[in-house]
Amino acid sequence: MSESVYLPDMAESSPRLRARNVAPLVVLYDVDCPIERQEENCIVLPQMASTAFGDGTHPTTRLCAGAVDLLCRQHPGLSFLDVGTGTGVLARIARARQAMHVIGTDIDSLALEAARRNAALDEHATEIAFTDLSPDYWGPHFDLIAANILEGPLRKLGLALAAGLKPGGRLLLSGFTPLQTVSLRPFFSSLGLTYLSESHLEGWALLLFQKRGK
């Protein structure tokens with residue numbers, strides 16, 4: 001059975017506040033312009049300016065943010081891996097939703113530095129580990145993995161992504177268009193994953209899979 005994924009609220013907040021909804025219940029704001037109002041059950045995260053990908057404006061980041069927020073609320077206490085973490089947005093959302101073990105990986109040292117700086121703003125008791133290690137480094141450890149990267153790197157990392165999931169764990173993929181899902185769906189299904197759902201936003205796509213087995 002397919003699992004529905006939240007699409008983000010397209011309306012941005014006031015430019016004066018430099019804040020934006022990256023998901024229905026997730027707001028990012030410029031660290032220099034704090035916001036006072038917070039809706040019930042809404043995550044509000046400060047963000048430093050950075051050249052790294054993942055500031056919340058790109059449709060793939062918003063697709064993933066909505067899905068991560070929903071799945072973490074549905075499955076509290078899960079372990080989460082953010083592959084291609086950029087500025088750390090998805091990892092921070094998972095932590096704010098009480099994920100117990102959160103790791104963000106990236107091959108860009110500047111992105112990892114930005115992610116660490118942003119995560120430190122949250123003053124959260126759970127530490128996020130940011131590293132350049134492969135998704136399968138920890139073995140089949142994760143309940144949820146998100147990989148928001150291009151199709152080519154996704155294919156190269158396919159086996160490692162599948163290997164990093166626990167049996168029954170879910171894999172969120174984005175960074176590609178709806179046309180590209182035609183070949184990506186059977187490719188990842190061949191790796192021991194079951195296709196669950198597909199979502200679209202502004203010409204970009206997100207795929208959700210689940211690892212077979214108990």
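For the structure itself, consult the block above.
Residues numbered from 1 in each chain as written. Predicted model: local features only at pLDDT ≥ 70, side-chain atom pairs only at ≥ 80, totals over all residues. Heavy atoms only, no water.

K.L.:
When you look at the pattern of salt bridges in this model, what are you seeing that I'm missing?
P.N.:
Side chains bearing opposite charge may pair, as long as their charged atoms lie close to each other. Within the structure shown, the criterion is met by 9 salt bridges. A salt bridge links Asp69 to Arg97, with the shortest nitrogen-to-oxygen separation between them at 2.5 Å. Of this pair, Asp69 sits in helix α1 (residues 59–74) while Arg97 sits in the loop between α2 (89–96) and β5 (101–105), and the two are 28 residues apart along the sequence. Arg97 matches Asp69 in its accessibility class, with the two residues each being buried. Taking the shortest distance from any N to any O, the salt bridge between Arg155 and Glu151 comes out at 3.0 Å. Taken together, the residues Arg155 and Glu151, both in helix α4 (residues 151–156) and 4 residues apart, mark about one turn of the helix. The network of salt bridges with common partners includes Asp69, Arg73 and Arg97. (Salt bridge = Lys/Arg side-chain N within 4 Å of Asp/Glu carboxyl O. Helix = DSSP H or I, 4+ residues; strand = E, 2+ residues; numbered from the N terminus. Buried < 20%, exposed > 50% of the residue type's maximum accessible area, 1.4 Å probe, protein only.)

K.L.:
I tried to follow the packing of aromatic side chains on my own but got confused; where do I start?
P.N.:
Pairs of aromatic rings are described using the distance from one ring centre to the other and the angle between the two planes. What the rule picks out here adds up to 5 aromatic pairs. Plain terms: the ring middles of Tyr137 and Trp138 are 5.2 Å apart, the flat faces sit at 80 degrees to each other, and that makes the pair edge-to-face. Between Phe188 and Phe209 the ring centres are 5.8 Å apart and the planes differ by 40 degrees, which places this aromatic pair in the tilted class. Here Phe188 is found in helix α6 (residues 181–189), whereas its partner Phe209 is found in strand β10 (residues 204–211), with 21 residues between them in sequence. (Phe/Tyr/Trp six-rings, centres within 6.5 Å; stacked < 30°, edge-to-face > 60°.)

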